[in-house]
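Examination of the molecular architecture
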Amino acid sequence: MLQKIFYVFVKIAVLFLLGLNVRRKELLPSDGPAIVVANHNSHLDTMVLMALMPLSRLKDVKPVAAADYFFSSARKAWLSQNVLGIIPVERGGAKGSDPLEGCYRALEEGKVLILFPEGSRGEPERMTDLKKGISYLAERFPEAPVVPVFTHGLGKALPKGSFLLVPFFCDIFVGEPVTWAGNRTQFMNALRQRFEALATEKTFAPWE
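Rules of the game
- Think of each chain on its own: its residues are numbered from 1, step by step along the sequence as written.
- In keeping with the predicted nature of the model, local features appear solely for residues at pLDDT of at least 70, side-chain atom pairs appear and are counted solely at 80 or more, and the whole-chain, interface and lining totals rest on all residues.
- Remark: hydrogens and water are excluded; side-chain values derive from all non-hydrogen atoms of the structure.
- Working convention: axes come from line fits to C-alpha atoms, limited for helices to the stretch in contact. Angles between N-to-C directions cover 0 to 180 degrees.
- Here a helix means four or more residues in a row that DSSP labels H or I, a strand means two or more in a row labelled E, and each is numbered from the N terminus.
- What makes a crossing left-handed is the near helix being turned counterclockwise from the far one by less than a right angle; a clockwise turn instead makes it right-handed.
- Every residue pair with non-hydrogen atoms within 4.5 Å of one another is taken to be in contact.
- Residue polarity is assigned by list, with Asp, Glu, Lys and Arg as charged and Ala, Val, Leu, Ile, Met, Phe, Trp, Tyr, Cys and Pro as nonpolar; anything else, Gly included, falls into the polar class.
- Any angle that is under 35 degrees is reported as roughly parallel, and any over 145 degrees as roughly antiparallel; angles of 65 to 115 degrees are reported as roughly perpendicular and all others as oblique.
- Any pair of nitrogen or oxygen atoms within 3.5 Å is treated as a polar contact; in protein, a donor-acceptor pairing is required on top of that, and neighbouring residues in sequence qualify only through side-chain atoms on both sides.
- Relative accessibility under 20% of the residue-type maximum defines a buried residue, over 50% an exposed one, and the middle range a partly exposed one, all with a 1.4 Å probe and only protein chains included.
- When two rings of Phe, Tyr or Trp (its six-membered ring) have centres within 6.5 Å they constitute a pair, described as stacked for plane angles under 30 degrees, edge-to-face for angles over 60, and tilted for the intermediate range.
- Strands pair, by our definition, only if DSSP identifies at least two bridges between them.

**Focus: the packing of helix α5 (residues 101–108) against helix α6 (residues 133–140)**
- Put simply, α5 and α6 touch, their axes get as near as 11 Å, and they point 35 degrees apart. Of the two possible hands of crossing, α5 and α6 adopt the one that is right-handed. Facing Cys 103, Tyr 104, Leu 107 and Glu 108 of α5, the residues of α6 in contact are Tyr 136, Leu 137 and Arg 140.
- Split into classes, the residues belonging to the contact of α5 with α6 amount to five nonpolar, no polar and two charged.

Have a look at this one:
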């Protein structure tokens, strides 16, 4: 219930404070198992992506985020778990355990994951190299589509280190899903190329 109330508020804020132009919204998964992957420039990224999902499916949408940030205190952990529904991942991995175990369980339960394969927030509209963790999820669940989303403007609406939302027109580009074809390098190259194609819709070079 808390999660629904929070995202109703977020959805209203997104619609009234941010001008969102969403291209090919119909490509976002309506059910799971599925994985939505996006570039990461702002804490707004997760909230906007979740706001694009139907409210009736919100309980099945699970953001994936770093445990060392979102679970660094009791207050943050409570908000992350009970309001945002975050699946924590230990950066670098905990000794003797698979850091993606929570993601595996969620996909087995038919959830939709929201994941940022760069690993951390970067400069607005400039992507860094993608981490290979997403390929292990795709390999384990080859039936789960991996849907790339490129966002433009969110890093300026709420820059890294800022807590003040600035009204800014933002574009959301949803791409055709990428599926596991049996080769890790091939999968990562295909995903990167899909992001590059989405970024060119805004006519700038995103890669460092």
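**Some details on the packing of α6 against helix α8 (residues 184–199)**
- Packing of α6 against α8 brings their axes to within 10 Å, and their N-to-C directions diverge by 115 degrees. Classified by the angle between their axes, α6 and α8 sit roughly perpendicular to one another. Considering the relative orientation of α6 and α8, their crossing is right-handed. The segment α6 lies against α8, with Ile 134, Ser 135, Tyr 136, Ala 138 and Glu 139 engaging Arg 184, Phe 187, Met 188 and Leu 191.
- Taken together, the residues that form the contact of α6 with α8 break down as six nonpolar, one polar and two charged.

**What about the environment of Val 112?**
- Structurally, Val 112 can be placed in strand β5 (residues 112–115).
- It is 5.6 Å that separates the C-alpha atoms of Val 112 and Pro 33, two residues lying 79 residues apart in sequence.
- Here Val 112 is in contact with Pro 29, Asp 31, Gly 32, Ala 34, Val 36, Met 53, Asp 60, Val 61 and Lys 62, once residues within four sequence places are set aside.

**A word on the side chain of Asp 45**
- Tracing the chain through its elements places Asp 45 in helix α2 (residues 44–51).
- In this structure the side chain of Asp 45 is engaged in a polar contact, spanning 2.8 Å, whose partner is the side chain of His 40.
- Dropping the residues within four chain positions of it, Asp 45 is found in contact with Asn 39, His 40, Phe 116, Thr 151 and Leu 154.

**Quick look at helix α4 (residues 74–84)**
- Looking at α4, one finds that the buried residues are Ala 77, Ser 80, Val 83 and Leu 84.
- Just past α4, the residue Gly 85 takes up positive phi, approximately 70 degrees.

**Concerning the packing of aromatic side chains**
- What the rule picks out here adds up to two aromatic pairs.
- Considering the side-chain rings of Tyr 104 and Phe 141, the 6.5 Å spacing of their centres and the 35 degrees angle between planes classify their relative orientation as tilted. With Tyr 104 in helix α5 and Phe 141 in the loop between α6 and β6 (146–152), the pair connects residues that are 37 residues apart, well separated along the chain.
- With 5.9 Å between their ring centres and 50 degrees between their planes, Trp 180 and Phe 187 make a pair best called tilted.

**So, the sheet that holds β5**
- One open sheet holds the seven strands; their spatial order is β1-β7-β6-β2-β5-β3-β4, and the pairing between them is mixed. The sheet terminates laterally at β1 (19–23) and β4 (87–89), the two strands that pair on one side only. Averaged over all pairs of adjacent strands, the angle between strand axes in this sheet comes to 25 degrees, irrespective of strand direction.
- Sheet topology places strand β3 (residues 61–66) next to β4; three bridges connect them, and they run parallel. Directly across from Ala 66, in β4, lies its bridge partner Val 89.
- In the packing of α2 onto the sheet, contacts are made with β1, β2 (34–38), β3, β5, β6 and β7 (169–174), and the angle to β3 comes to roughly 170 degrees.
- Against the sheet, α5 contacts β2, β3, β4 and β5, and its axis sits at roughly 150 degrees relative to β4.

**Quick word on the environment of Phe 173**
- Inspection of the secondary structure puts Phe 173 in strand β7.
- Residue Phe 173 is classed as buried on the basis of its relative accessible area, which comes to 0%.
- Taking the C-alpha atoms as reference, Phe 173 lies 8.3 Å from His 152; in sequence the two are 21 residues apart.

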